[in-house]
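Structural overview for review
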Amino acid sequence: MNSVPAGSLDNRELDKLVGTLGRNKATWRRALVLSQWLQDSGHVLDDRLCTTLIRVCSEHGQAMTALSVYEWMKAPAAAGGAALSPTVYTYTAAMRAALAAGLLDRALAVWEDAQAAECPLDCRLCITYIEVCSRKGLGERALAMYGAMRAAPKGSKLAPTVHAYTAAMRAATEGGAWQKALDIWADMTAAGVLPTGHAFAAAMSACAAGSNWQQAVALFEDMCRAGIKPDVVSCTALISALAAAGQWQRGESVVQWMLSTGVRPNVRTYTALLTALGNARQWDRAQEMLGLMQQPSWGGVAPNSYTYAALLKCLGECGEWRRAEALFGLLERQALAAAAARSSSTGSSSSHGVINEGVLSALMMAYERGGKWREAVGVLARASLLGVVPGPGMFGTAISAAGKAGQLALADALFVQARGAGAADASTYESMIGVLGMAGDPARAELVFRAMQAAGHVPGEYAFCGLIAAHSLAGDAVSAMRVRQRLTAAGCGAGVHVYNALIAAADRAGLYDKALELLRCMRRDGVAPDALTQQLAADIGRKGAATVEGQQITAAALSAAMAAAGTLLIRSGVF
């Protein structure tokens with residue numbers, strides 16, 4: 001290679017070579033060696049070659065290397081960079097590299113770079129932004145981008161493709177707006193965009209979130225009629241929709257159909273089926289299915305951490321904390337036995353099997369919902385014995401469990417411990433604010449809220465719910481209502497939990513006209529009511545819940561919000 005003058009090489013041909021090397025696991029690293037040789041030889045790389053190199057590194061799991069190439073190419077020559085101007089393709093490749101590695105803040109920083117450079121946007125870059133916002137929990141930003149794309153002229157580079165509609169549906173569903181996701185499906189069909197199997201799956205996932213299994217079945221049938229062969233993704237989405245309604249027999253029928261037609265179920269398929277069994281309280285069949293799924297005739301699929309976390313979550317939601325304890329106890333004994341065996345043979349005792357933070361968090365939530373706060377907090381110590389370092393989710397659940405039991409000193413100590421261990425994220429702060437909200441302590445709730453902002457965390461819906469409850473239960477309805485204005489100023493939309501907290505606060509203060517106004521605003525904003533909203537509306541209609549009852553309703557609104565916050569662990573990938 002050294003006999004070839006670098007200056008005689010053409011970047012376009014080099015780009016093809018790097019792309020070819022990058023397609024093979026055995027040769028992709030040669031692309032890095034080649035790029036370094038070119039730089040050392042004084043060859044000037046162009047933006048296209050750098051973009052291909054970013055993409056190759058990302059595709060082989062080297063996100064940090066990909067992002068270092070991105071930083072180098074745009075850095076000024078005085079700083080040792082290439083002083084190149086990234087294109088829309090470069091920004092997309094860098095954002096996707098960060099997204100694939102879960103570096104969501106880094107991905108958003110790349111987006112900000114593109115905005116600052118006034119780079120003309122295209123559909124793929126905007127799709128990536130939607131996906132990043134969805135993963136980050138910024139559903140409103142994702143849907144705002146979808147709105148901008150949909151408003152673009154037909155045929156423009158920004159006009160939504162089927163992939164954009166699919167990403168937007170997923171963002172809406174993951175953000176709790178499943179009805180909006182189905183509206184996006186309607187937008188897509190009205191625009192004459194032909195759906196793919198993944199688009200159908202995204203729509204079926206929205207049906208799952210809305211417990212509308214009949215519509216999911218209709219979509220599946222439409223997909224088959226359109227000549228799109230069902231795959232494991234679409235079949236799993238259908239089973240998830242059936243699971244939400246406890247339609248376990250139909251779920252099993254789908255699995256049997258998959259096995260008979262050569263569509264092999266994966267671990268997510270069986271996790272969805274186990275969830276269906278759990279929602280229908282078919283515990284014995286669920287235990288049997290854990291064994292069946294591992295048999296060759298059923299696909300030979302081993303349950304993993306995601307599977308056990310989902311089943312423990314179902315048990316907790318059904319109040320079956322004893323069953324959850326028994327299931328986890330079996331996993332715990334297996335893990336400790338494996339650790340002892342490994343220690344005797346290799347000297348290393350690190351072995352926790354399928355037990356990870358997600359499984360432990362699900363067990364903690366099962367204890368918490370069963371009123372077993374001591375057991376919930378005790379899981380932190382059990383995690384240490386298993387070699388699992390408790391993360392923000394576990395600390396948040398422990399704080400919530402202690403707070404609901406009135407153990408404020410313990411909740412404080414756990415919060416301090418989490419911050420000291422570097423295991424406090426936005427959800428941990430929100431859990432503490434929620435605890436102080438239920439305790440009716442607005443001064444300390446506001447203090448933790450400010451500390452959350454000072455730590456660089458963006459308060460979400462559940463933090464504002466905690467503030468509303470704190471002021472309301474302290475008898476300050478005016479300050480409770482003002483939280484809505486603060487939420488709007490922060491650029492955060494009011495969801496069902498915020499509205500429930502506000503309506504409960506108005507109800508408790510006897511501000512029935514205000515409560516009715518909030519219900520109207522809720523409908524105007526397209527926020528779907530839940531069961532608690534209906535209960536609150538009924539209480540308002542009776543014009544006068546007792547003070548104690550009003551306190552219970554306010555606490556129930558916050559408790560429901562905190563429980564919903566716990567379910568975000570699954571969507572964020574902890575389970």
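Refer to the preceding data block for the structure.
Residues numbered from 1 in each chain as written. Predicted model: local features only at pLDDT ≥ 70, side-chain atom pairs only at ≥ 80, totals over all residues. Heavy atoms only, no water.

Points about empty space enclosed by the protein
Applying the stated rule across the entire model yields 1 cavity of 30 Å³ or more. Quantified by volume, the largest cavity comes out at close to 30 Å³. Along the walls of the largest cavity sit Lys313, Gly316, Glu317, Ala362, Met365, Ala366 and Arg369, which together make up its complete lining. For the lining of the largest cavity, the secondary structure elements donating two or more residues are α17 (305–317) and α19 (357–369). The biggest single contributor to the lining of the largest cavity is α19, with 4 residues. By residue class, the composition of the lining of the largest cavity is 3 nonpolar, 1 polar and 3 charged. (1 Å grid on protein atoms, 1.4 Å probe; cavity = no way out; pocket = protein on both sides within 12 Å on 5 of 7 lines; lining within 4 Å. Points joined across faces, edges and corners; volume = space filled by probe spheres on them. Helix = DSSP H or I, 4+ residues; strand = E, 2+ residues; numbered from the N terminus. Nonpolar A, V, L, I, M, F, W, Y, C, P; charged D, E, K, R; others polar.)

Some details on the pattern of salt bridges
Throughout the structure, instances matching the rule amount to 21 salt bridges. The closest approach of N and O atoms between aspartate 15 and arginine 48, which form a salt bridge, is 3.4 Å. With aspartate 15 in helix α1 (residues 11–22) and arginine 48 in helix α3 (residues 47–59), this residue pair connects regions lying 33 residues apart in the sequence. The shortest N-O distance in the salt bridge between glutamate 288 and arginine 285 comes to 2.8 Å. Residue glutamate 288 and its partner arginine 285 are located together in helix α16 (residues 283–292), separated by 3 residues, close to a single helical turn. (Salt bridge = Lys/Arg side-chain N within 4 Å of Asp/Glu carboxyl O.)

Side note on the packing of α17 against α19
Packing of α17 against α19 brings their axes to within 8 Å, and their N-to-C directions diverge by 5°. Classified by the angle between their axes, α17 and α19 sit roughly parallel to one another. In this structure, α17 contributes Ser305, Tyr308, Ala309, Leu312, Lys313, Gly316 and Glu317 to the contact, and α19 contributes Gly358, Val359, Ala362, Leu363, Ala366 and Arg369. Looking at side-chain class alone, the contact of α17 with α19 contains 7 nonpolar, 3 polar and 3 charged residues. (Axes fitted to C-alpha atoms, helices over the stretch in contact; angles between N-to-C directions. Parallel < 35°, antiparallel > 145°, perpendicular 65-115°, else oblique. Contact = heavy atoms within 4.5 Å.)

Section: the side chain of threonine 52
Relative to the helices and strands, threonine 52 resides in helix α3. We classify threonine 52 as buried; its relative accessible area is 8%. For threonine 52, the residues in contact, after removing those within four places along its chain, are Asp15, Val18 and Gly19. (Buried < 20%, exposed > 50% of the residue type's maximum accessible area, 1.4 Å probe, protein only.)

So, the packing of aromatic side chains
Tallied over the entire structure, the rule returns 8 aromatic pairs. Looking at arginine 268, its charged tip hangs above the ring of tyrosine 306, at a distance of 4.3 Å from the centre. When the ring centre of phenylalanine 449 is taken as reference, the NZ or CZ atom of arginine 486 above it lies at 5.5 Å. (Phe/Tyr/Trp six-rings, centres within 6.5 Å; stacked < 30°, edge-to-face > 60°. Lys NZ or Arg CZ within 6 Å of the ring centre and 35° of its normal.)

Examining the layout of surface pockets
Space inside the second largest pocket adds up to approximately 360 Å³. Lining of the second largest pocket is provided by 16 residues; of these, Thr51, Arg55, Tyr89, Ala93 and Arg124 occupy positions nearest its centre. Secondary structure elements with two or more residues in the lining of the second largest pocket: α3 and α5 (88–100). Take the lining of the second largest pocket: its biggest share by element is 7 residues, from α3. By residue class, the composition of the lining of the second largest pocket is 4 nonpolar, 5 polar and 7 charged.

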